[in-house]
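# Architecture and fold: a report
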Amino acid sequence: MRFEPVIGLEVHAQLLTDSKIFCPCSTRFGEEPNKNTCPVCMGYPGVLPVLNQKVVEFAIRAALATHCKVAPYSRWARKNYFYPDLPKGYQISQYELPLCTDGYIEIDTSGGKKTIRITRIHMEEDAGKSVHEVRGDYSLVDLNRAGVPLLEIVSEPDIRTTEEASLYLKNLRAILQYLQICDGNMEEGSFRCDANVSVRPVGTSALGVKTELKNMNSFKAVEKALEYEIRRQIEVLSGGGSLVQETRLWDAEREATRSMRSKEFAHDYRYFPDPDLLPMVISDDWLQEIQATLPELPEARKQRFASQYGLPVYDAELLTGRRDVADYFEAAVQIHSNPKAISNWVMGDLFRVIRERKLDEHFYIESWPIRPQHLAEMVRLIDEGKISGKMAKSLFEEMLKTDVAPEKIVQEKGLEQVSDLVSIEMAIDQILSAHSEQVTEFRSGKEKVFGFLVGQVMKATQGKANPQKVNEILRKKLAGTS
Ligand SMILES: [Zn+2]
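This write-up is about the structure you can find in this document.

Parameters at a glance
- Residues numbered from 1 in each chain as written.
- Predicted model: local features only at pLDDT ≥ 70, side-chain atom pairs only at ≥ 80, totals over all residues.
- Heavy atoms only, no water.
- Axes fitted to C-alpha atoms, helices over the stretch in contact; angles between N-to-C directions.
- Helix = DSSP H or I, 4+ residues; strand = E, 2+ residues; numbered from the N terminus.
- Parallel < 35°, antiparallel > 145°, perpendicular 65-115°, else oblique.
- Left-handed = near helix turned anticlockwise from the far one by under 90°.
- Contact = heavy atoms within 4.5 Å.
- Nonpolar A, V, L, I, M, F, W, Y, C, P; charged D, E, K, R; others polar.
- Donors = N, O, S within 2.8 Å, 3.2 Å for Na, K, Ca; no water.
- Tetrahedral: all angles 85-135°; square planar, octahedral: opposite > 155°, others 65-115°.
- Buried < 20%, exposed > 50% of the residue type's maximum accessible area, 1.4 Å probe, protein only.
- Salt bridge = Lys/Arg side-chain N within 4 Å of Asp/Glu carboxyl O.
- Pairing = 2+ DSSP bridges.
- Patch = residues over 30% accessible without salt bridge, like charges linked within 9 Å, V, L, I, M, F, W, Y side chains within 5 Å.
- Areas by Shrake-Rupley, 256 points an atom, 1.4 Å probe, with all protein chains shown as cover.
- Lys, Arg positive; Asp, Glu negative; His and termini not counted.
- Charge placed at Lys NZ, Arg CZ, Asp CG, Glu CD.
- Phe/Tyr/Trp six-rings, centres within 6.5 Å; stacked < 30°, edge-to-face > 60°.

Turning our eyes to something else, we now look at the packing of helix 7 (residues 323-335) against helix 9 (residues 372-383). To describe two helices that pack against each other, one gives the angle between their axes and the distance between the axes. Two elements in contact, helix 7 and helix 9, have axes whose closest approach is 8 Å; the angle formed by their N-to-C orientations is 45°. Viewed along their axes, helix 7 and helix 9 adopt a mutual orientation that is oblique. In the packing of helix 7 onto helix 9, the handedness of the crossing is right-handed. The residues of helix 9 that touch helix 7, namely those facing Y328, A331, A332 and I335, are P372, Q373, L375, A376, E377 and R380. In the contact of helix 7 with helix 9, the residues fall into seven nonpolar, one polar and two charged.

On to the coordination of the zinc ion. Coordination angles at a metal have ideal targets, namely 109.5 degrees for four tetrahedral donors and 90 or 180 degrees for six octahedral donors. Every protein donor of the zinc ion is listed here as C23 (SG), C25 (SG), C38 (SG) and C41 (SG), and their distances to the metal cover 2.3 to 2.4 Å. One way to put it: the four donor atoms around the zinc ion meet at angles of 100 to 117°, and that makes the site tetrahedral. Taken in chain order, the donor set of the zinc ion reads C-x1-C-x12-C-x2-C. For the pair shown, C23 and C25 are each scored as buried.

In this section: the pattern of salt bridges. Counted according to the given criterion, the structure contains 46 salt bridges. For E246, the salt bridge goes to R248, with nearest N and O atoms at 2.7 Å. Per residue, the accessibility class of E246 equals that of R248, and both read buried. For D349, the salt bridge goes to R352, with nearest N and O atoms at 3.6 Å. Residue D349 and its partner R352 are located together in helix 8 (residues 339-356), separated by three residues, close to a single helical turn. What emerges from the salt-bridge pattern is a single network uniting D108, K113, E299, K302 and E317.

What follows concerns the pairing of strand 7 (residues 112-125). Across nine bridges, the pairing between strand 6 (residues 100-109) and strand 7 is antiparallel. The residue bridging C100 from the neighbouring strand is I121, located in strand 7. The loop that links strand 6 with its antiparallel partner strand 7 comprises two residues. Sheet topology places strand 7 next to strand 10 (residues 149-155); seven bridges connect them, and they run antiparallel. Note on strand 10: the bridge partner recorded for R120 is V154.

With that settled, consider a negative patch on the surface. A contiguous patch of negative charge on the surface is contributed by E187, E188, D360 and E361. On the secondary structure map, E187 appears in the loop between helix 2 (162-178) and strand 11 (191-201). Note on E187: relative accessible area 60%, which makes it exposed.

Another point: unusual backbone geometry. Unusually for a residue other than glycine, H67 sits at a positive phi of about 60°. Along the chain, H67 falls in the loop between helix 1 (53-65) and strand 2 (69-70). Under the relative-accessibility criterion, H67 is labelled partly exposed at 42%. One non-glycine residue, Q462, lies in positive phi territory at about 55°. Here Q462 is to be found in the loop between helix 14 (449-460) and helix 15 (467-479). Residue Q462 is classed as exposed on the basis of its relative accessible area of 64%.

Once that is clear, we can look at the packing of aromatic side chains. A complete count under the given rule lists 11 aromatic pairs for this structure. For the ring pair Y95 and Y271, a centre distance of 3.6 Å and an interplane angle of 5° mean the geometry is stacked. Of this pair, Y95 sits in the loop between strand 5 (90-93) and strand 6 while Y271 sits in the loop between strand 14 (256-262) and strand 15 (272-273); the two residues are 176 residues apart in sequence, bridging distant segments of the chain. Y95 sits in the partly exposed class, given a relative accessible area of 41%. On the numbers, 4.1 Å between centres and 20° between planes, the contact of Y328 with W368 is stacked. With Y328 in helix 7 and W368 in the loop between helix 8 and helix 9, this pair connects stretches of sequence that are 40 residues apart. For Y328, a relative accessible area of 4% gives the class buried. The class of W368 is buried, set by a relative accessible area of 18%.

With respect to the helices and strands, P157 occurs in the loop between strand 10 and helix 2. For the pair formed by P157 and V281, sequence separation is 124 residues and the distance between their alpha carbons is 30 Å. Residues contacting P157, with those up to four places away along its chain left out, are V6, I7 and G8.

This part takes up the environment of Q291. Along the chain, the position of Q291 falls in helix 4 (residues 284-291). For Q291, a relative accessible area of 43% corresponds to the partly exposed category. The spatial distance from the C-alpha of Q291 to the C-alpha of E330 is 24 Å, given a sequence separation of 39 residues.

This is the structure:
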């Protein structure tokens, strides 16, 4: 029997507001423990939460960018559970009346375009962090993260392969980054993903028993965990066994999932409307105001890059995957209009350096090793025949070390191409007389000797001669016309 997986994803995205969702405390990451706290986010009795309007605005931005409906009337709910990092004994979230519902994201799979529906997007506060067994048998609690605003984005179980899951997550993360509402850093936990996975015989429509996967903190981990879990479920069912509904943790070291809790220990959160917060009423005017501020989104920008700059879809996709990369590319193209050459340098040498220096781990690449103007000017030098492609490689390495304009580096370092015909002719004459045997071979019809002679001339000029002119002059001399 053949099985197909059914996957739904639940993403928690940390919002980039300056202050927390219900109090004025800072959301800054990496502060000394419990520095960003006040009676509200520490859960003192008698305090009242005050909603941060920016959080609602950010949630609406996400909703509009993912084709969701924004509810004119929605409500806050208490999700009750006990844990040391949750001093109130409940988390403020949304439940039966969330802010955003019924959206979708499109993905480009190897089998064509596919729509993944979004069930809902709601806002909630994050909990604090327990630090276990620092020195001995006790735990510490850090409440800096308590009250940091989150969006929970829940997809329908429309995903059928790990490829689709990965594309959905990458698209969603790119959208949130373009909207500048989430930095999308999976390692630091500002973009977290849980997955609901089940399998069923191909051709049937009833859903199988599902497990919930947690603890995946990279795209690679999500893919590996899904692959493992799908294989595990198929093996159990094929062997005549049955599955239990449970939560399983991904263990990156063992590359396996393990059971955390089964359904009999599942929480009953006893949700009820939060009496401390008023229901939210969103006006059409505000929606339109926010709509007008939405930037061009990744999908639209990708299509524009392909049509406006004549780039292959592959280039357009890579360049628009991050907003800062797309901005960099467009800044360079405005200085010198050779999009494909600039794209090659960005995707090749520049990406290599950025990866090596680990500059791409955050929301924006804060300091690019080479500014876009300089990259564009370097491509212009190549296009004007002032330097060869080979010399550009050395120029690029120089540009990584200094913020000086490429033209100036070329002058200072003597990289300028030897276009001077006299010196090229002298070099050619020397090579021709030193290799008379090859010259005879060429004249008797051995065309491939020509490449050898060009190579010798380039070597003699230390790669600085304009290869086109070397070709031209060499042909003329060998033909006896010069
Ligand atoms: Zn606070």
